[in-house]
Amino acid sequence: MTIPDKLLGALRDAQQVCVLTGSGISAESGVPTFREAQTGLWEQYDPHELATPDAFQRDPALVWRWYRWRRELVASVEPNAGHHALVKLAGLVPALTIITQNVDGLHQRAGSDKVIEFHGNLFENRCFVEGCAVTDADMSAEVPVCTGCGAMLRPGVVWFGESIPEAAMHAAESAVHGCDLFFSIGTSSLVWPAAGFAEAARQQGASVVEINLDATPLSSQADFCLQGKSGTLLPELVNCLTVK
Ligand code: OAD
């Protein structure tokens, strides 16, 4: 695909770029996305049996088995060309912030530094009662417990029905409100509040770019829609920006 000249111009003029990523950017690393028909995690497991506070209270050992499986999977893969291209892009514009819905840490492993983990981090552990981060627990237990109060530990991710942590929400809102160019990459734009960021950015004057394999509810609103793999399109974009 040819990257539109207008988009390259908008990137050259941009003062603050905000990038929202979803599970599609990690797909080429081998991490399954959430909603794709055949490979999505949710096709094999019912999220309502695994990723809610109720489910955890009902069967914490089952939920922990699932998260251990996800941790092992993510630990065994590497950031891909899309993650690496965003690191390069950050070096080509005055400011770039990534808001990621992914909990896999792959942006940071690629070398991105300004990353807001909107849905938490798969590898963190939190006290189920007090919510504090716990780093010194015995993780070999079937259901690990908080070293402070003895309550069950849970993975440090946002579950269905839970609010976004205040600090992440605040940081994301200020990244969106300050940006003049907004990218939505590898996300189905179905899950709120993250799905509302593109429109919020557009309303305050930012141009919106979508990079996705397929059309999404955002596609008709975006100024630029690049349809294809982020692991191909992002390096192409960075390449055009450096050579043209
Ligand atoms: P989805 O599975 O809903 O969407 C993945 C998107 O990535 C789809 O639109 C695909 O077309 C696109 N895609 C797949 N491979 C791609 C590739 N190589 N390049 C570009 N695009 C590609 O995942 P998310 O939008 O991330 O929340 O889902 C959002 C949230 O829903 C998740 O963070 C999770 C889930 O419920 C929580 O767990 C709180």
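Preceding this paragraph is the structure being described.
Before going into details, it helps to say that this report is about the structure given with it. Here the structure is a predicted model, which means the values were calculated and not measured.

### Structural notes on the nonpolar core
(1) Moving on: Counting 28 residues, the largest nonpolar core has Leu-11, Val-17 and Phe-183 as its most contacted members.
(2) Moving on: No other element matches the 6 residues that helix α11 (residues 230–243) contributes to this core.
(3) Moving on: With sequence-adjacent residues up to four places away left out, Phe-183 is seen in contact with Leu-7, Leu-11, Val-17, Cys-18, Val-19, Leu-20, Val-209, Ile-211 and Leu-237.

### Topic: the packing of helix α1 (residues 5–13) against α11
(1) Moving on: Orientation of α1 relative to α11, taken along the N-to-C sense of each, is 70°, at an axis distance of 10 Å. For the element pair α1 / α11, the angle class is roughly perpendicular. Touching Leu-7, Leu-8, Leu-11 and Arg-12 of α1 are Leu-237, Cys-240 and Leu-241, all from α11.
(2) Moving on: Of the residues belonging to the contact of α1 with α11, the class tally is 6 nonpolar, no polar and 1 charged.

### Considering the environment of Ala-175
(1) Moving on: Examined against the element boundaries, Ala-175 turns out to sit in helix α9 (residues 166–177).
(2) Moving on: Separated by 156 residues in sequence, Ala-175 and Val-19 place their C-alpha atoms 9.0 Å apart.
(3) Moving on: Once residues lying within four places of it in the same chain are set aside, the contact partners of Ala-175 are Cys-18, Thr-97, Ile-99 and Ile-116.

Conventions we followed
Residues numbered from 1 in each chain as written. Predicted model: local features only at pLDDT ≥ 70, side-chain atom pairs only at ≥ 80, totals over all residues. Heavy atoms only, no water. Core = buried A, V, L, I, M, F, W, Y, C linked by side-chain atoms within 4.5 Å. Buried < 20%, exposed > 50% of the residue type's maximum accessible area, 1.4 Å probe, protein only. Helix = DSSP H or I, 4+ residues; strand = E, 2+ residues; numbered from the N terminus. Contact = heavy atoms within 4.5 Å. Axes fitted to C-alpha atoms, helices over the stretch in contact; angles between N-to-C directions. Parallel < 35°, antiparallel > 145°, perpendicular 65-115°, else oblique. Nonpolar A, V, L, I, M, F, W, Y, C, P; charged D, E, K, R; others polar.

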